[in-house]
Amino acid sequence: MKKLSTSGKSLAQLKKELWIWFSKYIRLRDKGFCIVCGRRASGSGYHASHFIPKSICGLVLYFSEENNHGTCYNCNINLGGNLYLYGKKLGGKKAKELYKIKLETKGVVWGAKDYLEMIEKYKKKAETLQSHIE
């Protein structure tokens with residue numbers, strides 16, 4: 001049985017909720033433009049994408065503003081993140097820095113308190129950006 005946090009949610013549920021708010025913030029921050037190709041995208045055609053893929057990046061980079069940017073569906077899904085061009089847009093120095101962080105934070109585990117704090121942080125950041133748009 002999965003251990004539930006004081007919020008009554010499992011860590012997996014908290015991670016999913018955090019991703020909802022975090023990705024919304026990233027997409028609002030980047031204003032509908034794909035970092036890779038520069039095209040405008042919206043709705044389900046606009047994603048928050050990881051430079052270092054989420055399957056290998058660990059929690060710290062999974063929710064890192066520097067490792068996540070708005071991308072169009074084509075670059076993120078059809079072109080598998082288009083990582084070569086993504087890395088060029090970030091610059092070699094930033095790409096190397098992110099890979100260094102990946103190695104330094106390998107195995108970091110978060111508890112419910114960490115997720116809940118991050119959810120609150122990105123919920124506020126997303127709502128603030130949204131209110132500036134409306």
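Small disclaimer: the values here were computed from a predicted structure and weren't measured. Every chain begins its residue count from 1, and numbering advances along the sequence as written. At least 70 in pLDDT is required for a residue's local features to be given in this predicted model, at least 80 for side-chain atom pairs to be given and counted, and no such filter applies to totals for whole chains, interfaces and linings, which use all residues. With hydrogens and water excluded, all non-hydrogen atoms of the structure serve as input to the side-chain values.

Grouped together as the largest cluster of nonpolar side chains are 32 residues, with contacts concentrated most on L18, F51, F63, W110, Y115 and Y122. Strands are runs of DSSP state E lasting at least 2 residues, helices are runs of H or I lasting at least 4, and numbering of each runs from the N terminus. Elements with a minimum of two residues in this core: helix 1 (11–29), strand 1 (46–50), helix 2 (58–62), helix 4 (83–90), helix 5 (92–104) and helix 6 (112–133). Broken down by element, this core gets its largest block of residues, seven residues, from helix 1. Throughout, a contact is declared for two residues whenever any of their heavy atoms are within 4.5 Å. Dropping the residues within four chain positions of it, L18 is found in contact with F63, W110, Y115, M118, I119 and Y122. Put simply, a nonpolar core is a bunch of buried Ala, Val, Leu, Ile, Met, Phe, Trp, Tyr and Cys residues held in one set by side-chain atoms that sit within 4.5 Å of each other. Using a 1.4 Å probe on the protein chains alone, a residue whose accessible area is under 20% of its type maximum counts as buried, one over 50% counts as exposed, and one in between counts as partly exposed.

What follows covers the pairing of strand 1. In regular strands, side chains alternate between the two faces of the sheet. Where burial is concerned, most of strand 1 is hidden: five out of the five residues are buried. The two faces of strand 1 match: Y46, A48 and H50 on one face and H47 and S49 on the other face are all buried. Strands pair, by our definition, only if DSSP identifies at least two bridges between them. Pairing between strand 1 and strand 2 (residues 68–72): five bridges, direction antiparallel. Among the inter-strand pairings, Y46 is bridged to a residue of strand 2, identified as C72.

Side-chain rings of Phe, Tyr and Trp, where Trp is taken by its six-membered ring, are said to pair if the distance between their centres is within 6.5 Å; with planes under 30 degrees apart they count as stacked, over 60 as edge-to-face, and otherwise as tilted. Scanning all chains against the criterion turns up 11 aromatic pairs. Ring centres 6.2 Å apart and planes at 55 degrees place the aromatic pair W19 and F63 in the tilted group. Of the two residues, W19 sits in helix 1 while F63 sits in the loop between helix 2 and strand 2, which places them 44 residues apart along the sequence. Its relative accessible area of 4% is what places F63 among the buried residues. Over the face of the ring belonging to Y62 we find K15, whose NZ or CZ atom lies 4.4 Å from the ring centre. Only when the NZ of Lys or the CZ of Arg is both within 6 Å of the ring centre and within 35 degrees of the ring normal is a charge said to sit over the ring.

This paragraph deals with unusual backbone geometry. Backbone phi values are negative for most residues with the exception of glycine, while trans is the configuration of most peptide bonds. Phi at K31 is positive, roughly 55 degrees, even though this residue is not glycine. Looking at the element boundaries, K31 is found in the loop between helix 1 and strand 1. We classify K31 as exposed; its relative accessible area is 61%. Positive phi values are uncommon outside glycine, yet N82 reaches one of about 50 degrees. Accessibility expressed as a relative area gives 17% for N82, which makes it buried.

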